Amino acid sequence: MEPRLEILTEKKLAGLKMEMSFANNKTRELWQRFMPRRAELINSVGADLYSLEIYPPDFFKHFNPTSVFEKWAAIEVSGFEQVPANMNVITVPGGLYAIFIHKGPASDAVKTYQYIFSTWMPKSNFEIDDRPHFALMGSKYKNEDPDSEEEIWIPVRRKV
């Protein structure tokens, strides 16, 4: 599974966020809170959903499943002026990403992530960059359907 490399242009996202860990994963709860409210974002750009993570520096160098990170359920917006006050906003900086296609149920994505971090990353000419990671769930995303597809965007930079 070889990724495509792409330079992301800056994106404005709005939605909800929570702190969690892999050991105390609250992703389902986060999306259950966000999905009924996404229509409140009247300046959305497209219909794609973003499952975004912000990890502390060196999170993957010293991986611990109980380490806390920030997780977002969001959509892209044209600006922050019309975002409801009780929703969160983030500007994702542009930069180089390695994009992997996960095919199959969302619950099997852990296998794709294991491949990325255990196989591809150590053999590649890249290392993780300190920017948000995200899964882009577009028109081919069908949650637990075996025909589902989502893009996993990993921020990278060339090894020095």
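Since we're looking at a predicted model, the values are computed, not measured.

**Describing the pairing of strand β6 (residues 95-103)**
Here is step 1 of the chain: Relative to β6, strand β1 (residues 4-8) is paired through five bridges, and the arrangement is antiparallel. Its bridge partner lying in β6, isoleucine 7 is registered against leucine 96.
Here is step 2 of the chain: Taken together, the seven bridges between β6 and strand β9 (residues 149-158) define a ladder with antiparallel strand orientation. Of the residues in β9, the one forming a bridge with histidine 102 is glutamate 150.

**Structural notes on the packing of aromatic side chains**
Here is step 1 of the chain: Evaluation of the coordinates by the stated rule reveals 18 aromatic pairs.
Here is step 2 of the chain: With centroids separated by 5.9 Å and ring planes inclined at 80 degrees, the aromatic side chains of phenylalanine 59 and phenylalanine 63 adopt a geometry described as edge-to-face.
Here is step 3 of the chain: Given a relative accessible area of 6%, phenylalanine 59 falls into the buried group.
Here is step 4 of the chain: With relative accessibility at 46%, the residue phenylalanine 63 sits in the partly exposed group.
Here is step 5 of the chain: With centroids separated by 4.6 Å and ring planes inclined at 10 degrees, the aromatic side chains of phenylalanine 60 and phenylalanine 117 adopt a geometry described as stacked. Of this pair, phenylalanine 60 sits in the loop between β3 (44-54) and β4 (69-77) while phenylalanine 117 sits in helix α2 (residues 109-123), placing them 57 residues apart in sequence.
Here is step 6 of the chain: With relative accessibility at 25%, the residue phenylalanine 60 sits in the partly exposed group.
Here is step 7 of the chain: Clustering of aromatic rings is evident, with ring pairs tying together Phe22, Tyr55, Phe59, Phe60, Phe63, Phe69 and Phe117.
Here is step 8 of the chain: Over the ring of phenylalanine 80 we find lysine 12; its NZ or CZ atom is 5.9 Å from the centre of that ring.

What counts as what
- Residues numbered from 1 in each chain as written.
- Predicted model: local features only at pLDDT ≥ 70, side-chain atom pairs only at ≥ 80, totals over all residues.
- Heavy atoms only, no water.
- Pairing = 2+ DSSP bridges.
- Helix = DSSP H or I, 4+ residues; strand = E, 2+ residues; numbered from the N terminus.
- Phe/Tyr/Trp six-rings, centres within 6.5 Å; stacked < 30°, edge-to-face > 60°.
- Buried < 20%, exposed > 50% of the residue type's maximum accessible area, 1.4 Å probe, protein only.
- Lys NZ or Arg CZ within 6 Å of the ring centre and 35° of its normal.

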